[in-house]
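A look at the structure
So the chains spell out like this:
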Amino acid sequence: MWILSFSSVVNLIWRAQVDVLRQLLRVFIRGAEGPPEKELSTPKTWTIMAALHSKPNFSNAQVVEMVARLFSLTPSEIRPFPSYDDQNFYVSCMEGGEYVLKIMNSEDSENPSMIEVQTFAMSVLHRNGLPAQTALPNAAGQLMSLEEMDCGHGVQKYMVRLLTYLPGTTISKVPLTPQLLYETGKMAATMDQILQKMVHPNLGLLDREKFVWSLSNVPQLEANLNILEGDPLEEIVKSVIHQYKTSVMPKRSNFRKCINHGDFNDLNVLVQLDESGGHRISGILDFGDMNNGYYIYELAIAIMYMMTEHPEPVEVGGPVLAGWESVLPLNETEKDCLYALVLSRFCQSMVIARHAVKKHPENEEYLMISSRRGVHILRQLWELGKEQVEKAWFQSATQFSDRL
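The following refers to the structure shown.

How each quantity is defined
Residues numbered from 1 in each chain as written. Predicted model: local features only at pLDDT ≥ 70, side-chain atom pairs only at ≥ 80, totals over all residues. Heavy atoms only, no water. Buried < 20%, exposed > 50% of the residue type's maximum accessible area, 1.4 Å probe, protein only. Helix = DSSP H or I, 4+ residues; strand = E, 2+ residues; numbered from the N terminus. Pairing = 2+ DSSP bridges. Salt bridge = Lys/Arg side-chain N within 4 Å of Asp/Glu carboxyl O. Axes fitted to C-alpha atoms, helices over the stretch in contact; angles between N-to-C directions. Phe/Tyr/Trp six-rings, centres within 6.5 Å; stacked < 30°, edge-to-face > 60°. Lys NZ or Arg CZ within 6 Å of the ring centre and 35° of its normal. 1 Å grid on protein atoms, 1.4 Å probe; cavity = no way out; pocket = protein on both sides within 12 Å on 5 of 7 lines; lining within 4 Å. Points joined across faces, edges and corners; volume = space filled by probe spheres on them. Nonpolar A, V, L, I, M, F, W, Y, C, P; charged D, E, K, R; others polar. Contact = heavy atoms within 4.5 Å. Core = buried A, V, L, I, M, F, W, Y, C linked by side-chain atoms within 4.5 Å.

Judged by which residues are buried, strand E4 (residues 145–150) turns out to be one-sided: Ser-145, Glu-147 and Met-149 face inward and are buried, whereas Leu-146, Glu-148 and Asp-150, on the alternate face, are not. Here E4 hands over to strand E5 (residues 155–164) after 4 residues, with Gly-152 in that stretch at a positive phi of 110°.

On inspection of all chains with the given rule, the structure shows 14 salt bridges. Of the charged contacts in the structure, one is a salt bridge between Asp-336 and Lys-251, with a shortest N-O distance of 2.4 Å. Of this pair, Asp-336 sits in helix H8 (residues 332–359) while Lys-251 sits in the loop between helix H5 (233–248) and strand E7 (257–260), and the two are 85 residues apart along the sequence. Lys-251 sits in the partly exposed class, given a relative accessible area of 28%. The closest approach of N and O atoms between Lys-386 and Glu-390, which form a salt bridge, is 2.8 Å. With Lys-386 and Glu-390 both in helix H11 (residues 386–403) and 4 residues apart, the pair spans about one turn of that helix. The partly exposed category is assigned to Lys-386, whose relative accessible area is 28%.

As summarised here, the arrangement of the 5 strands in space is E1-E2-E3-E5-E4, forming an open sheet in which the pairing is antiparallel. Each having just a single partner strand, strand E1 (75–81) and E4 make up the two edges of the open sheet. Direction aside, the axes of adjacent strands within the sheet are offset by 30° on average. Here strand E2 (residues 87–93) pairs with strand E3 (residues 98–103) via 6 bridges, running antiparallel. Paired with Asn-88 across the two strands is Lys-102, which belongs to E3.

Bringing the packing of aromatic side chains into the picture now. For any pair of aromatic rings, the description consists of the separation of the ring centres together with the inter-plane angle of the planes. What the rule picks out here adds up to 7 aromatic pairs. Residues Phe-255 and Tyr-294 carry aromatic rings whose centres are separated by 5.6 Å and whose planes lie at 75° to one another, so their mutual orientation is edge-to-face. Here Phe-255 is found in the loop between H5 and E7, whereas its partner Tyr-294 is found in strand E10 (residues 291–294), with 39 residues between them in sequence. Neither residue differs from the other here; Phe-255 and Tyr-294 are each classed as buried. Put simply, the rings of Phe-81, Tyr-90 and Tyr-165 touch in pairs and so form one group of aromatic residues. For Arg-79, the ring lying beneath its charged end belongs to Tyr-90, and the centroid distance is 4.0 Å. Positioned above the aromatic ring of Phe-211 is the side chain of Arg-208, whose terminal nitrogen or guanidinium carbon lies 4.1 Å from the ring centre.

So, about unusual backbone geometry. In the Ramachandran plot, Ser-72 falls in the positive-phi region, its phi being about 55° despite a non-glycine side chain. Inspection of the secondary structure assignment puts Ser-72 in the loop between helix H2 (60–71) and E1. Even without being glycine, Asp-286 reaches a positive phi, approximately 60°. Residue placement: Asp-286 occurs in the loop between strand E9 (279–284) and E10.

This part covers empty space enclosed by the protein. Enumeration according to the criterion identifies 1 cavity of 30 Å³ or more in this entry. Within this model, the largest cavity holds a volume of roughly 50 Å³. Lining the largest cavity, in full, are Phe-211, Trp-213, Ser-214, Leu-215, Asn-260, Gly-262, Asn-291, Tyr-297, Ile-301 and Arg-345. A per-class count over the lining of the largest cavity returns 5 nonpolar, 4 polar and 1 charged.

Here we come to the side chain of Ser-214. Looking at where Ser-214 falls in the secondary structure, it is placed in the loop between helix H4 (178–196) and H5. Note on Ser-214: relative accessible area 5%, which makes it buried. Beyond its immediate sequence surroundings of up to four residues, Ser-214 is in contact with Asn-291, Tyr-297 and Gln-348.

Core analysis: the biggest nonpolar cluster contains 96 residues, and Leu-338, Leu-341, Val-342, Leu-378 and Trp-393 have the highest contact counts within it. Residues contacting Val-342, with those up to four places away along its chain left out, are Ala-300, Ile-303, Met-304, Met-307, Leu-381 and Trp-393. Counting residues in each nonpolar core, the second largest holds 19 residues, with Tyr-99, Leu-101, Ile-103 and Tyr-158 among its members.

Here it is in structure tokens:
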């Protein structure tokens, strides 16, 4: 039996709340995206798919048996990590080593080729020196195992992987110093450069044309703006979408293409203390949103999410941009569209979250954790305007780079 301190319990509850937000939205996304192999028209409304019956519910005893049978390891400690539609377990083994046993929900388990591409991407990043998890082969030499189990709704199949454990805490829990923000931008650019060179027969699956979180699909939000009716934020969101359609879409041909991680946020980046008393990035998590996109999308996503954790959000852009451009300088079109893309990501987050709350009002407190902070930042960025925000970002980036 393991006894947790009060602070540990509070931390687990907080992480569970945030994880519910992210996983509910992922369920929401699947309803909008549809099967990747089919051509779909833009949906008039998004639907939340019922994931309750697809979530695995393996007991600790079953996990012990599975780890022993599949990987010839003897767990000495097991504890669950919060998850909405998958199951994740921390596993420490008597033979040595720490791992994460990831049991996918039965719905995602029906698409092993996509899971294979995501697993391969993690290994490519790891081989190139980036802190990504890797999957351990099972006794049969395979990186994935399809397990059958009745979790209360009949026998279903669940994809199982044993991943390396990455120590650290999420970047959301530490002070976002300019140096750490610089390293965040640098890491995001390096990651995308490596992913773009990746060779795999199933990369075509990453052409997720109707994926609602893709920054290529911002206009899809228009069909669901009724969720903001009567909210002062509605006019800002409409204006941002209009700016995207008139100022970004005509210029996308000048963006440089790449494979995006797609969710380089404050909960998917781990950090550890370094020798100087600051923090270094020790982990990149969650490759479930990978899709074919553009380099500038990844930068906009990183800036947006780091803003939600900073007391002075506008100050985030400069250091992140400086880190990014130390690896991959932006072209003039990308620079011109960065402001609109950051605001567009805020709009995606808010509209999708509020739609999810409408479908799951019992989870409103959890679903709105990030959104409430984002409302204030979006309004601030819009009121400051493109010229003033860009001036702050690009001047700060230049000054930061000059000091290095």
